[in-house]
Amino acid sequence: MKNFDDLILKAKKGGKKRVVVVGAEDIEAIKAVSEAEQEGFAEPILVGNKEKIEENLKIIEKNYQIIEADSVEDAAGKGVRLVSSSTADVLMKGNIKTSTLLKAVLNKEWGLRTGNVLSHCAVIETEHLQKLIMVTDGGMIINPTLKEKISIIDNSVSLAHSIGIDIPKVALIAAVEVVNPDMQATIDAAILTQMNKRHQIKNCIIDGPLGIDNALDMMAAKIKKVDGDVAGKADILVVPDIHSGNFLGKSAIYFAGGKIAGLILGAKAPIIVVSRANDSKSKLASLALGVLNA
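Fair warning: this is a prediction, and the values are worked out from it, not measured in the lab.

Enquirer: Could you give an account of the overall build of the protein chain, with specific residues and numbers?
Expert: A tally of regular secondary structure across the protein chain gives 11 helices and 11 strands. Residue burial in the protein chain is summarised as follows: out of 294 residues, 50% are buried. Looking at the protein chain, you have 36 positive and 36 negative side-chain charges, and the mean spots of the two groups are 3 Å apart.

Enquirer: Quick rundown of helix α3 (residues 50–60)? Include the residues and the values.
Expert: Taken residue by residue, α3 has Ile53, Asn56, Leu57 and Ile60 as its buried positions. Down the axis of α3, the smallest arc covering the buried residues is 100 degrees, so these residues share one side. Away from its buried face, by an angle of more than 90 degrees, α3 presents the exposed residues Glu51, Lys58 and Ile59. Looking at the buried side of α3, the elements it contacts are α2 (27–39), β2 (42–48) and β3 (65–68). Where α3 terminates, the next one or two residues include glutamate 61, which has phi positive at roughly 55 degrees.

Enquirer: Help me get a handle on the packing of α2 against helix α11 (residues 280–293), residues and values and all.
Expert: Direction vectors running N to C along α2 and α11 enclose 65 degrees, while the axes themselves pass 9 Å from each other. Judged by the twist between their axes, the crossing of α2 over α11 is right-handed. Packed against α2, whose contacting residues are Glu28, Ala32, Val33, Glu35, Ala36 and Glu39, the element α11 presents Ser280, Lys283, Leu284 and Leu287 at the interface.

Enquirer: Any chance you could break down the packing of aromatic side chains for me, citing the residues and the numbers?
Expert: Following the criterion strictly, the structure yields 0 aromatic pairs and no others. In this structure, arginine 81 packs its charged tip against the face of tryptophan 110, placed 3.9 Å from the ring centre.

Enquirer: Quick one: what's the story with the environment of valine 22, residue by residue and with numbers?
Expert: Residue placement: valine 22 occurs in strand β1 (residues 17–22). We classify valine 22 as buried; its relative accessible area is 0%. Considered as a pair, valine 22 and valine 47 are 25 residues apart in the sequence and their alpha carbons are 5.1 Å apart.

Enquirer: I'd like to hear about the nonpolar core, residue by residue, with values.
Expert: Grouped together as the largest cluster of nonpolar side chains are 56 residues, with contacts concentrated most on Leu7, Phe41, Leu46, Met92, Ile153 and Leu287. Residue contributions to this core peak at 7 residues, all from α11. Excluding its chain neighbours within four sequence positions, the residues that come into contact with leucine 46 are Val21, Ala24, Ile30, Val33, Ile53, Leu57, Tyr64, Gln65, Ile66 and Ile67. The next biggest cluster of nonpolar side chains, apart from the first, holds 24 residues, and it includes Ala69, Ala75, Ala76 and Leu102.

Enquirer: Please provide a residue-by-residue account of the pattern of salt bridges, values included.
Expert: One pass over the full model with this rule turns up 11 salt bridges. A salt bridge links lysine 78 to aspartate 74; the nearest nitrogen and oxygen atoms lie 3.2 Å apart. Here lysine 78 and its partner aspartate 74 are both found in helix α4 (residues 72–84), 4 residues apart, which amounts to about one turn of the helix. With its nearest N and O atoms 3.0 Å apart, the salt bridge here joins lysine 131 to aspartate 235. With a gap of 104 residues between them, lysine 131 in the loop between β5 (119–125) and β6 (133–136) and aspartate 235 in the loop between α9 (218–223) and β9 (236–238) connect regions that are remote in the sequence. By relative accessible area, lysine 131 is classed as partly exposed at 24%. Among the residues examined, aspartate 235 registers a relative accessible area of 10% and is labelled buried.

Enquirer: Account for the pairing of strand β4 (residues 90–93), naming residues and giving values.
Expert: Side-chain alternation along β4 places Val90 and Met92 on one buried face and Leu91 and Lys93 on a second face that is also buried. Pairing of β1 with β4, which is carried by 4 bridges, proceeds in the parallel orientation. The residue of β4 that forms the bridge with valine 22 is lysine 93. Bridging between β4 and strand β11 (residues 271–272) involves 2 bridges; their strand directions are parallel. Note on β11: the bridge partner recorded for leucine 91 is isoleucine 271.

Enquirer: Can you break down helix α7 (residues 184–197) residue by residue, with the values?
Expert: A rise of 1.5 Å per residue sets the reference length of α7, with its 14 residues, at 20 Å; its end C-alpha atoms lie 20 Å apart and thus fit the reference within 8%. Those residues of α7 that sit buried are Thr186, Asp188, Ala189, Leu192, Thr193, Met195 and Asn196. Among the structural elements, α6 (146–162), β7 (169–173) and β8 (205–210) are those in contact with the buried residues of α7. Just downstream of α7, histidine 199 is the residue with a positive phi angle, here 65 degrees.

Enquirer: Would you mind going over the environment of threonine 126 in detail, with residue names and values included?
Expert: Relative to the elements of secondary structure, threonine 126 occurs in the loop between β5 and β6. Through-space distance from the C-alpha of threonine 126 to that of alanine 220 is 18 Å; in sequence the pair is 94 residues apart. Filtering out sequence-adjacent residues up to four positions away, threonine 126 remains in contact with Ala252, Ala256 and Gly258.

The rules behind each value
- Residues numbered from 1 in each chain as written.
- Predicted model: local features only at pLDDT ≥ 70, side-chain atom pairs only at ≥ 80, totals over all residues.
- Heavy atoms only, no water.
- Helix = DSSP H or I, 4+ residues; strand = E, 2+ residues; numbered from the N terminus.
- Buried < 20%, exposed > 50% of the residue type's maximum accessible area, 1.4 Å probe, protein only.
- Lys, Arg positive; Asp, Glu negative; His and termini not counted.
- Charge placed at Lys NZ, Arg CZ, Asp CG, Glu CD.
- Arc of directions from axis to C-beta.
- Contact = heavy atoms within 4.5 Å.
- Axes fitted to C-alpha atoms, helices over the stretch in contact; angles between N-to-C directions.
- Left-handed = near helix turned anticlockwise from the far one by under 90°.
- Phe/Tyr/Trp six-rings, centres within 6.5 Å; stacked < 30°, edge-to-face > 60°.
- Lys NZ or Arg CZ within 6 Å of the ring centre and 35° of its normal.
- Core = buried A, V, L, I, M, F, W, Y, C linked by side-chain atoms within 4.5 Å.
- Salt bridge = Lys/Arg side-chain N within 4 Å of Asp/Glu carboxyl O.
- Pairing = 2+ DSSP bridges.
- Expected span 1.5 Å × (residues − 1).

In structure tokens:
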């Protein structure tokens, strides 16, 4: 899959999914889900302050189902219940704090718990790379343990499968390509690579530690004499911590002129969290990801 246009086209072919927007007073969130509805792959359900939502719908001249909520906590609860009851397929963050939304997601009685770790996976489009690259986790887990990294990989591999990558190539990113006892990221990478070889982590090919250059570029891999099935051909970059993932995603936008979409994974349904700074194409791509992963 080369770009977001391919992603959106695939979502359109899959038909409509019901997307519930929690905190739908946010006009930008309504515009995004409205565009997805016009493209033919989303059916919006809006949860929040009914009066404000109706004002926003007049601006875009649309008429969608509205579920009134008395507070942001009430909106989060009602939105999550719609998904957990299978009335909706995808959860989308609107004008609500992520922490408030996730508190409802993790409710033990009616939430979207699966027992899996929740992690964020970004999907990046840049002109230079000629294909979509996934980066995880730059949005949820601050400093993941080895066990959490297994879940991060599993979540991202599941997303890769949903967008048509049958056997994704997973690169475990570090500052160097060799195991250094003073660098925990390289030790974890070596362990995870061996676990994959022994089929403890399945449905993908893992290698690491790899530098970001030899994970993405065949010439860089050859110069550094790094070989294997992943070097220069990675689909998924697993970063050591939230800082490196966050920097990597944003640098693709502000240094390379790329675009970024993403999801929170690991719950019973995908959770779309879009930034106000994202352009409309990125928001639409995030919705496409959510629909395909539902």
